[in-house]
Amino acid sequence: MTDHDFEDRDEEALQPEMLRRLSPLDWARYGAASIAYARPVIVNGQRAVAIHAADGTQIGAAPTLALATAAILQHGLGPAMVH
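Residues numbered from 1 in each chain as written. Predicted model: local features only at pLDDT ≥ 70, side-chain atom pairs only at ≥ 80, totals over all residues. Heavy atoms only, no water.

K.L.:
Explain the nonpolar core here, please?
P.N.:
Buried together is how nonpolar side chains tend to be arranged in soluble globular proteins. Residues Ala36, Ala38, Val49, Ile51, Ala62, Ala68, Ile72 and Leu77 constitute the largest nonpolar core, which totals eight residues. Elements that contribute at least two residues to this core include exactly β1 (35–43), β2 (46–53) and α4 (65–74). (Core = buried A, V, L, I, M, F, W, Y, C linked by side-chain atoms within 4.5 Å. Buried < 20%, exposed > 50% of the residue type's maximum accessible area, 1.4 Å probe, protein only. Helix = DSSP H or I, 4+ residues; strand = E, 2+ residues; numbered from the N terminus.)

What follows is the structure, encoded as structure tokens:
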């Protein structure tokens, strides 16, 4: 993957075979500005859902997956779930 490949992603989504070859760093670069992921967590003994940018930075939390997904979409990001 080159930086040029990432620049072209706005014009055309990467094909599945290209996505399979992405390294963790490539994934972070590809999705940093467009993908957020949600993962279940426990906060103060309560179930919650943490919201992270593609690079792993926590950017929010919500009490349910539905609310986490809504927050992600409201901010113009594509949601992904991590188990």
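Having seen the model, we can carry on.
K.L.:
Any chance you could explain unusual backbone geometry here in plain terms?
P.N.:
Excluding glycine, residues mostly carry a negative phi; peptide bonds, for their part, are mostly trans. The backbone phi angle of asparagine 44 is positive, close to 50 degrees, even though this residue is not glycine. Mapped onto the elements of the fold, asparagine 44 is located in the loop between β1 and β2.

K.L.:
Explanation requested: the sheet that holds β2 in the structure shown.
P.N.:
Through backbone hydrogen bonds, the strands of a sheet pair up, either in parallel or in antiparallel fashion. Read from one edge of the open sheet, four strands run β3-β2-β1-β4, paired in mixed fashion. Two strands in the sheet have a free side with no partner beyond their single neighbour: β3 (58–62) and β4 (78–81). Across this sheet, the average inter-strand angle for adjacent strands is 35 degrees, counted without regard to direction. With eight bridges joining them, β1 and β2 adopt antiparallel strand pairing. Bridge pairing in β2 links valine 41 to alanine 48. (Pairing = 2+ DSSP bridges. Axes fitted to C-alpha atoms, helices over the stretch in contact; angles between N-to-C directions.)

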